[in-house]
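So you can see what is in the structure, the chains are spelled out below.
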Amino acid sequence: MLIHSPYHTKFVDTMKHKEHQTNKVLVSYTRKVKKIDPVGFFQMNRSVYTGERFFWQSPDDPMTIVGIGLLRTFLNHRADDRFSQIEKEWRELLSRAVIDNPTRTEGTGPLLFGGFSFDPYSVKEEMWQPFGDTLFYLPEYMLTILNEDCYITVNQFENSEMSRSSNQIKKMFDLFLKNADSYDVQAPSISSKEELSVPEWLTSVSTVINKLKTTDTVDKVVLARKLKLGFSQPVLTDYVLKELRVQQKNSFIFLLETADGGFIGASPERLVQKKDDLVLSTSLAGSIGRHVEPEEDKKLGDWLLKDEKNRYEHALVVQMIRRALQPYCKELHIPEEPILLKTPYIQHLYTPVSGTARPETSIFHLVGELHPTPALGGVPTREAMKMIRDQEKMDRGFYAAPVGWTDYRGNGEFIVAIRSGLIKNQEAFLYAGCGLVADSDPEEELKETGIKFQPMLKAMGGSFE
Ligand SMILES: C=C(O[C@H]1C=CC=C(C(=O)O)[C@@H]1O)C(=O)O
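Residues numbered from 1 in each chain as written. Predicted model: local features only at pLDDT ≥ 70, side-chain atom pairs only at ≥ 80, totals over all residues.

K.L.:
So what exactly am I meant to see when it comes to the overall build of the chain here?
P.N.:
Broken down by element type, the chain carries twelve helices and 21 strands. Considering the chain as a whole, with its 465 residues, one finds that 48% of them fall into the buried category. Taking the contacts inside the chain whose residues are at least 6 apart along the sequence as the reference set, 78% of them involve residues at least 24 apart. (Helix = DSSP H or I, 4+ residues; strand = E, 2+ residues; numbered from the N terminus. Buried ≥ 20, exposed ≤ 12 C-beta atoms within 10 Å, placed from the backbone. Contact = placed C-beta atoms within 7 Å.)

Quick look at the structure:
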């Protein structure tokens, strides 16, 4: 139910004007508060802020960040220098910011949340237009939960009526809390399900495998496909988010809302985390399904750990991450052997990578060097990307691309946005891909992508037979 109050008009007015305030000084206020439920916070004042929200949760929940209201949107349709461009714009904004943040906690204070397109040179599909090649949000209100501690950040541009002092910003947040509305979140009801162009996709897979067998210019290519869902009503991102949080606890859960839906998913794959000078990354490639019987499940995992094709697919990713990070890290630690990472529907070969960054290394640098890893692109990158453009016949948009956050201190985390989908009114488009090497079998890869649709499909109220 919506609570009408004079303040609602105020919030709407503030929103209308905020895009014109980009030359003003950013004023940011952060305080530790009593624990707030992140979903409750996400849904507060929904009638005003739908389409202007983001949600982030790391595996098993140590870190949650929820943003509401867009103080500034960074949207770019540019290719070559997109990583350095966003960094430049962000630094410019921060260089004139007034930040009142007595906490030393990462993920608090001014923070950008968003991501990049997978391939800025792909032929664009209309549905991805609102995302451009770079899309980041600077929120007005933000909740950060790290372990058991909870923080609120309020950002405003100076000169806006309500933001001249920290005290006034605090009052503004109190007002925001008072005006919270609550509402029912209905389960979406799937009315149609269409796997797009399966025969064509299988032909493309065979063409790529043939190429991998017959030339030595390319070793691995990841091809993806798309599943289109129709619903009887517009899909509420809130519902899908709620389901993913319950069903995919050991993945990164992310949502970047847009006016008519949003990009959402539960990815097990960290691209990079930076906390002070500590850098973490992940090689995740090589997959097999799960079995309900623990003994059978273990057999599947043991098989995967020994399978040559999967080990090769995986090793190519490890090699590339090593090459990408070495120039930026004083030390790099990469275990010799992968272990298993199990999510509810699938298990993967997994190698955690850690290092110590050299001074002046920014998270955007690292994202730019790492994307796309051969877990989503291929080896060598340039040839694989060309084959993906030629053979995939779709725009991946933000699927398989870096999505995450960075705070004003340069800490942050980006994942590879797989196990994801784009919600657009009464439709949703889910994406899933697979690594192809010379020994791959098209039918097996079709099955594997089918399993990879599962997490999103389940969260949207469906299943994949
Ligand atoms: C491309 C996807 O998965 C990648 C990540 C892990 C394992 C993969 C594989 O075994 O093929 C893929 O490289 C996807 O889930 O859409």
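Next, the rest of the story.
K.L.:
Would you mind showing me how to read the UniProt feature "domain: Chorismate-utilising enzyme C-terminal" (unreviewed entry) in the chain here?
P.N.:
Residues annotated by UniProt as "domain: Chorismate-utilising enzyme C-terminal" (unreviewed entry) correspond here to residues 200-452. The straight-line gap between the two end C-alpha atoms of residues 200-452 is 19 Å; of that span, 35% is helix and 37% is strand. (UniProt positions renumbered as here; feature names shortened; annotations may be inferred.)

K.L.:
I would appreciate a short explanation of the site of the ligand in the present structure.
P.N.:
Neighbouring the ligand are 18 residues; Ser287, Ala375, Ile418, Gly433 and Gly435 lie closest to it. Elements with a minimum of two residues in the shell around the ligand: strand E9 (220-231), strand E13 (278-289) and strand E21 (427-436). Among the residues making up the shell around the ligand, the classes are represented as ten nonpolar, five polar and three charged. (Near = placed C-beta within 6 Å. Nonpolar A, V, L, I, M, F, W, Y, C, P; charged D, E, K, R; others polar.)

K.L.:
I keep staring at the domain arrangement of the chain and nothing clicks. Help me out?
P.N.:
Accessible area lost upon the coming together of the parts serves often as the stated size of an interface. Per the domain assignment, the segments of the chain are domain 1 (6-178) and domain 2 (190-459). Tallying the contact residues gives 41 residues for domain 1 and 44 residues for domain 2. Mapped by element, the contributors of at least two residues to the side of domain 1 that touches domain 2 are helix H2 (38-43), strand E2 (53-57), helix H4 (82-95) and strand E5 (111-116). Residue classes in the side of domain 1 that touches domain 2 are distributed as 21 nonpolar, twelve polar and eight charged. (Domains from an automatic or database assignment.)

K.L.:
What should I look at first to understand unusual backbone geometry in this one?
P.N.:
Keep in mind that most residues, glycine aside, have a negative phi and that most peptide bonds are trans. Here the amide bond leading from His371 into Pro372 is cis, since omega sits at -10 degrees, within 30 degrees of zero. The residue Pro372 is located in the loop between helix H10 (363-370) and strand E17 (378-379) in this model. In this chain, Val379 is followed by Pro380 through a cis amide linkage whose omega measures -10 degrees. Topologically, Pro380 is positioned in the loop between E17 and helix H11 (381-392). The residue Ser197 is not glycine, and still its phi comes out positive at about 50 degrees. Structurally, Ser197 can be placed in the loop between strand E8 (190-195) and helix H6 (198-214).

K.L.:
Help me understand helix H12 (residues 442-459), please; the structure alone is not making it clear to me.
P.N.:
Given 3.6 residues per helical turn, the α-helix brings residues three or four places apart onto the same face. When the terminal C-alpha atoms of H12 are compared, their 27 Å separation across 18 residues agrees well with the 26 Å that a helix rising 1.5 Å per residue should span. Largest kink in H12: about 35 degrees, centred on Phe453, with the proline Pro455 one to four residues after it. Buried within H12 we find Glu445, Thr449, Lys452, Phe453, Gln454, Pro455, Met456, Leu457 and Ala459. In the segment just after H12, Gly461 is the residue with positive phi, at about 90 degrees. (Expected span 1.5 Å × (residues − 1). Bend = angle between axes of the 7 residues up to and from the residue.)

K.L.:
Can you help me understand the packing of H6 against H11 in this one?
P.N.:
Axis angle and axis distance: for two packed helices, these are the angle between their axes and the distance between the axes, and together they describe the pair. Axis separation between H6 and H11 bottoms out at 10 Å; the angle between their running directions is 150 degrees. By the angle class used here, H6 and H11 are roughly antiparallel. Considering only the axes of H6 and H11, their crossing is right-handed. Residues Ser204, Thr207 and Val208 of H6 form the contact with H11, whose own contacting residues are Met387, Gln391 and Glu392. Split into classes, the residues belonging to the contact of H6 with H11 amount to two nonpolar, three polar and one charged. (Axes fitted to C-alpha atoms, helices over the stretch in contact; angles between N-to-C directions. Parallel < 35°, antiparallel > 145°, perpendicular 65-115°, else oblique. Left-handed = near helix turned anticlockwise from the far one by under 90°.)

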